[in-house]
Amino acid sequence: MRIFSGIQPTGSKHLGNYIGAITQYVAGQERGEALFCIVDLHATTMPYDPVELRRSLYDLTALLLAAGLDPKRCILFRQADVMEHTELCWLLCSVTELGRLQRMHQFRDKSTTQRELVSAGLLFYPVLQAADVLAYRATEVPVGEDQREHLELMRDVARRFNARFGGGDEVLVVPEHRIPEVGARIMDLQDPTKKMSTTGGSEQGTVYVLDEPKVIEKKFKSAVTDSGSEVRRAPEKPGVSNLIEILAAVRGVAPEAVEGELAGARYGELKAAVAAAVIDYLRPVAERYGDLRSDEAALESILADGAERARKIAGETLGDVRERMGVGARRAGRPS
Ligand code: AQP
């Protein structure tokens, strides 16, 4: 099994990114050959500052290592270091439907909030994401629920490529998503009808992995709950449901176990229990992060080594794709 996932070096990572994606990455290392890519090219699709981009890239590299990614057990690399991603993105454009890109939720949401230029990069974001995964012929992609639509597109792009150019072969592997059972969609604490988000959320409703324990406690204390008083999940109780999901995810238990344990408790007790559990859960990560972040040369060396290993795999796929599409020089030894 080959696992691949990408994560943007933007902003500080929040509890949604951590539970929905990063913990799955760490677990993925044990289950197969795992590649994790910090997608700096994707980060250029929204307004950004080049100096800040480099800084956040190191922040995220240190955070992923602090969370438990081990460069001996996975390939951790920076997207722009492996040029095969951008070439494959262009080649896949020929089998990607424009109308589908225009209908993508993320494109519609992000383009409507843009005051200045809505870049073509934002529209082509999912094609580059498809190239990221398909370049490695990954079989599994761990992501949060919000990425389901992009994953479906990538699967269709792979199928369409194989149908058009494969001649009966599965040149590109159609990957499966792996969305966690608990914590796939962590919601904003101030507006639990919206996902916790880097760009679209509220500061007070977003818990960052590197928030101080006091800040975390305050954010949970002021979390919006719902009418009624029962600690149980229900569609009309999005605030309480979210807190139960978070507590279950960080404890590694089923939400039903949390509901059973806190039956009869008040909302205040639920908030205090979640805050305490999240603080304990994130404390060791913040400590390790502090040790790792200061040595940028070491971080750079891990990324460079990862890119070299990634390039070998992606280069093979690109060779096959170019050959099948009839672009570039013919590979030596192939019949005309
Ligand atoms: N609220 C969430 N709950 C569970 N998983 C989530 N993810 C994001 N939000 C939640 C998952 O985190 C992974 C990394 O995402 P990213 O850093 O590449 O950026 P993103 O998908 O754009 O998510 P953000 O950080 O919330 O940014 P916004 O909302 O501004 O786009 C992905 O696997 C994602 O599913």
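Bear in mind the structure is a predicted one, so any value in this text is a computation, not a measurement.

Enquirer: Before we go on, may I ask you to explain the side chain of Asp40 in this structure?
Expert: Of note, Asp40 is situated in the loop between β2 (33-38) and α2 (50-67). No salt bridge is formed by the buried Asp40. Its closest oppositely charged neighbour is Arg78, at 4.6 Å. Look past the residues within four positions of Asp40 in its chain and what remains in contact with it is Pro9, Leu53, Leu57, Arg78, Gln79 and Ala80.

Enquirer: Where do I start with empty space enclosed by the protein in this structure?
Expert: The gaps of empty space that remain are located by a probe, the size of a water molecule, rolled over the atoms. Within this structure, the stated rule accounts for 1 cavity of 30 Å³ or more. Estimates place the volume of the largest cavity at around 40 Å³. Forming the walls of the largest cavity are Val95, Thr96, Glu97, Arg100, Leu153, Asp156, Val157 and Arg160. Considering every element that reaches the lining of the largest cavity, the biggest residue donor is helix α7 (residues 148-165), with 4 residues. Along the lines of polarity and charge, the residues of the lining of the largest cavity split into 3 nonpolar, 1 polar and 4 charged.

Enquirer: In this structure, what is going on with the domain arrangement of the protein? I would like to understand it.
Expert: In many reports, interface size means the accessible area that the parts give up when they come together. Each domain of the protein was delimited in the assignment, giving domain 1 (2-183 + 296-325) and domain 2 (213-291). Between domain 1 and domain 2, the C-alpha centre-to-centre distance is 30 Å. Each side of the interface is counted separately: domain 1 has 11 residues, and domain 2 has 13 residues. Carbon and sulfur atoms supply 74% of the area buried between domain 1 and domain 2, which totals about 970 Å² over both sides. Across the domain 1-domain 2 interface, the total number found is 3 residue pairs in polar contact (both at pLDDT 80 or more). Split by residue class, the side of domain 1 that touches domain 2 holds 8 nonpolar, 2 polar and 1 charged.

Enquirer: I would appreciate a short explanation of the site of the ligand in the present structure.
Expert: Within the structure, the ligand sits among 22 residues, and Lys13, Asp146, Ser197, Thr198 and Thr199 are positioned closest to it. Note that an oxygen atom of the ligand is positioned 3.1 Å from one of the side-chain N or O atoms of Asn17. With respect to the ligand, the backbone of Ile186 contributes an N or O atom lying 2.8 Å from a nitrogen atom. Within the complex, the protein chains bury 96% of what would otherwise be the 640 Å² of accessible surface of the ligand. The dominant element in the shell around the ligand, judged by the number of residues it contributes, is helix α1 (residues 15-31), at 4 residues. For the shell around the ligand, a count of residues per class yields 6 nonpolar, 11 polar and 5 charged.

Enquirer: In this structure, what is going on with helix α9 (residues 238-251)? I would like to understand it.
Expert: In an α-helix, one turn spans 3.6 residues, which is why side chains three or four residues apart end up on the same side. In a regular helix each residue adds 1.5 Å, so 14 residues correspond to 20 Å; α9 covers 20 Å between its end C-alpha atoms and thus fits that length. Counted residue by residue, α9 has 12 buried out of 14 residues, so it is predominantly covered. Buried residues in α9 make contact with α1, α8 (213-221), α10 (255-261) and α11 (267-293). Downstream of α9 by a residue or two, Gly252 has a phi angle that is positive, lying close to 70 degrees.

Enquirer: Got a minute to help me understand the packing of aromatic side chains in this structure?
Expert: For any two aromatic rings, the description comes down to two numbers: the centre-to-centre distance and the angle of the planes. Scanning the entire structure with this criterion turns up 6 aromatic pairs. With a centroid separation of 5.3 Å and an interplanar angle of 10 degrees, the aromatic rings of Phe4 and Tyr136 are classed as stacked. In this pair, Phe4 is assigned in strand β1 (residues 2-7) and Tyr136 in the loop between α6 (120-134) and β4 (140-142), connecting sequence segments 132 residues apart. Taken individually, Phe4 and Tyr136 each receive the classification buried, so the pair is uniform in this respect.

Enquirer: Looking at this structure, I do not really get the pairing of β2. What am I missing?
Expert: For a regular strand, the rule is simple: side chains alternate between the two faces of the sheet. Summarising burial for β2: 5 of the 6 residues are buried, a large majority. Looking at chain direction, β1 and β2 are connected through 6 bridges and run parallel. In the strand pairing of β2, Ile7 is matched with Ile38. Where β2 meets strand β3 (residues 74-78), 5 bridges bridge the pair, whose relative direction is parallel. The residue of β3 that forms the bridge with Ile38 is Arg78. In this view, the connection linking β2 to its parallel neighbour β3 by way of α2 has right-handed handedness.

Here is what the cut-offs are and how they apply
- For every chain, the first residue of its written sequence is number 1, and the numbers climb from 1 along that sequence.
- It should be noted that, the model being predicted, local features are given only for residues of pLDDT at least 70 and side-chain atom pairs only at 80 or more, the latter also being counted only at that level, while totals for whole chains, interfaces and linings use all residues.
- Each side-chain value is worked out from all heavy atoms of the structure, with water and hydrogens disregarded.
- Helix numbering and strand numbering both begin at the N terminus, where a helix is a DSSP run of H or I of at least 4 residues and a strand a DSSP run of E of at least 2.
- Exposure is judged per residue with a 1.4 Å probe applied to protein chains only, and the accessible area is read against the type maximum: over 50% gives exposed, under 20% gives buried, and values in between give partly exposed.
- Charge counting follows a simple rule: Lys and Arg are positive, Asp and Glu are negative, and His as well as the terminal groups are ignored.
- For this document, the term salt bridge refers to a Lys or Arg side-chain nitrogen within 4 Å of an Asp or Glu carboxyl oxygen.
- Contacts are residue-level and defined by heavy atoms, with any inter-residue pair within 4.5 Å sufficient.
- The method works on a 1 Å grid over the protein atoms by themselves. A cavity is a set of points holding a 1.4 Å probe that cannot get out, a pocket is an open set with protein on both sides within 12 Å along at least five of seven lines, and residues with an atom within 4 Å of a point line them.
- Grid points are joined across faces, edges and corners, and a volume is the space filled by probe spheres set on the points.
- Only Asp, Glu, Lys and Arg are considered charged in this grouping, and only Ala, Val, Leu, Ile, Met, Phe, Trp, Tyr, Cys and Pro are considered nonpolar; every other residue, Gly among them, is considered polar.
- Boundary definitions for the domains trace back to an automatic or database domain assignment.
- Buried area, as used here, totals the accessible surface that two parts lose on assembly, with accessibility defined by a 1.4 Å probe and the loss added over both.
- Polar contact is defined as a pair of N or O atoms within 3.5 Å, subject to the rule that within protein one atom must be able to donate a hydrogen and the other to accept it, and that residues adjacent in sequence are counted only when both atoms are side-chain atoms.
- Distances are taken per atom, and a residue is near a molecule or strand as soon as one of its heavy atoms is within 4 Å of it.
- Each accessible area value is a Shrake-Rupley result obtained with a 1.4 Å probe; residue values ignore everything except the protein chains displayed when judging cover.
- Given the number of residues in a helix, its expected span is that number minus one, multiplied by 1.5 Å.
- Between 30 and 60 degrees the pair is tilted, below 30 it is stacked and above 60 it is edge-to-face, where a pair is any two Phe, Tyr or Trp rings, Trp via its six-membered ring, whose centres lie within 6.5 Å.
- At least two DSSP bridges between two strands are required for those strands to pair.
- For crossovers, right-handed means that the path from the first strand over the helix to the second runs clockwise, given strands pointing away from the viewer.

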